[in-house]
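Next come the chains, spelled out residue by residue.
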Amino acid sequence: MEPRRITSLVEGDLKKKMVLVAGPRQCGKTTMAESILKNWSGAYYTWDLDAHRKILRHSQMDAASKLWVFDELHKFRNWRNWLKGQFDVHRSKHAFLVTGSARLDVYSRGGDSLQGRYFFYRLHPFTLSELLKTKLPKTLEDMVQMSTDPGGRGQKTLADLLALGGFPEPFFSGSEETAARWRLGHGTRLIREEIRDLENLRDLDRLELLYDRLPAVVGSVLSINSLKEDLEVAFETARHWLEIFDRLYASFRLPPLGAPRIKAVKKERKLYLWDWPRVESEGARFENLVAFHLLRLVHWCEDVRGEKMELRYFRDTLGREVDFVLVRKGKPWMAVEVKHREQSLDPNLKYLLERVAIPYAFQISLHGSNDWRPADICGCQIRILPAARFLANLP
């Protein structure tokens, strides 16, 4: 079992408050919970088992256990009210760890607030730095120096990640055929089990068609109108289905950066998948992998450091585009342009840096080996480097 980077942080916070851990189905939440239980006298309960549901409904958890782990509790319609009551009564004798394969902040079922009672973490599929076990920089300012060089091992692991994905089972299988078989079953279970349990939907066949259609739109500006025409459903229906996939950690969407001095697009979003090997084009798949790593950085800053950060992209009305812009404390902080092969500074990135104050910019390539710094633009520090080195320095 490969240890997860947030495990020690979760264990530390369990001594202070309840801890909620959310993330995609089969990304390792249960395995992590089991590893924590080994260090505690604890008991595990999942809403997916009939016997455990009976225990939870009647509040008959093991009184001798110091840690109670509740898995998939969000499928219980009144889960927040129930959990708040249990925590308020038993917090002096028991620690609470709650895990779920959906956004626990969304599936509140109209229940009472848990505000002030918990810490929240998102467990992601494996990132490059987690697999390489690189040392985390102490600050974001240290991170942008990109001092860790993973060398050939980093490039090999990145190639495996690109082909197999970051979910534990397909990645550690080491086989693209095994990964493809896992992926097929994973999608079916997501729609036929997860969505069936959480959403009042009948047209699962057409929802599955949308799920199969999403890899083709990764990295491009998303047109819901085009999707609704393909599926022959109403605009609001297609929009709602996309929101469901976002809530269940199947996809995520990025809003554009609305720079005041540039005629930038304001509404169109770009869509990416948590399981990027579903994308056939290597270029789009690699862009998706980078988007995932940057989203992980955003979530790490929020969940671990308590610092608000946003991930966006830039595109103006003339089609000039920069793949990613990280917004820190309400201001653009880092721009990232993704290339398949190594090349000189992208003119669209140069255009953005000349008009928007951004302290740091990186241009990374999948098939590149040189690491160099072009001249600063309007005070922005620019670096062109291999993707493996860039990603190995992120959380």
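One can find the structure itself at the top, above this paragraph.
Residues numbered from 1 in each chain as written. Predicted model: local features only at pLDDT ≥ 70, side-chain atom pairs only at ≥ 80, totals over all residues. Heavy atoms only, no water.

A. Focus on the nonpolar core. With 98 residues, the main nonpolar core has Phe70, Leu73, Leu83, Phe245, Phe324, Met334 and Phe390 as its most contacted residues. With 11 residues, the top contributor of residues to this core is helix H13 (residues 282-305). Setting aside chain neighbours within four positions, we find phenylalanine 245 in contact with Leu190, Ile191, Ile195, Leu207, Leu210, Tyr211, Leu214, Ala250 and Ser251. (Core = buried A, V, L, I, M, F, W, Y, C linked by side-chain atoms within 4.5 Å. Buried < 20%, exposed > 50% of the residue type's maximum accessible area, 1.4 Å probe, protein only. Helix = DSSP H or I, 4+ residues; strand = E, 2+ residues; numbered from the N terminus. Contact = heavy atoms within 4.5 Å.)

B. Seen up close, the pattern of salt bridges. Applying the stated criterion across every chain yields a total of 38 salt bridges. Linking arginine 122 and aspartate 303 is a salt bridge whose minimum nitrogen-to-oxygen distance equals 2.7 Å. One end of the pair, arginine 122, is in strand E5 (residues 118-122); the other, aspartate 303, is in helix H13, with 181 residues separating them in the sequence. Its salt-bridge partner being glutamate 287, residue lysine 270 comes within 3.3 Å of it at the nearest N-O pair. Taken together, the residues span a long stretch of sequence, with lysine 270 in strand E7 (residues 270-273) and glutamate 287 in helix H13 at a distance of 17 residues. The pair formed by lysine 270 and glutamate 287 is uniform in burial state, with each residue classed as buried. (Salt bridge = Lys/Arg side-chain N within 4 Å of Asp/Glu carboxyl O.)

C. How the structure looks around the packing of aromatic side chains. Taken as a whole and judged by the stated rule, the model has 20 aromatic pairs. Between tryptophan 333 and tyrosine 360, the aromatic rings sit 5.9 Å apart at their centres with planes inclined by 75°, giving edge-to-face as the arrangement. Highlighted residues: tryptophan 333 in strand E10 (residues 331-341) and tyrosine 360 in strand E11 (residues 360-367), separated in sequence by 27 residues. Here the two residues tryptophan 333 and tyrosine 360 agree in accessibility, since each one is buried. Connected via pairs of aromatic rings, a cluster forms that spans Tyr45, Trp47, Trp68, Phe70, Phe76, Trp82, Phe87 and Phe96. (Phe/Tyr/Trp six-rings, centres within 6.5 Å; stacked < 30°, edge-to-face > 60°.)

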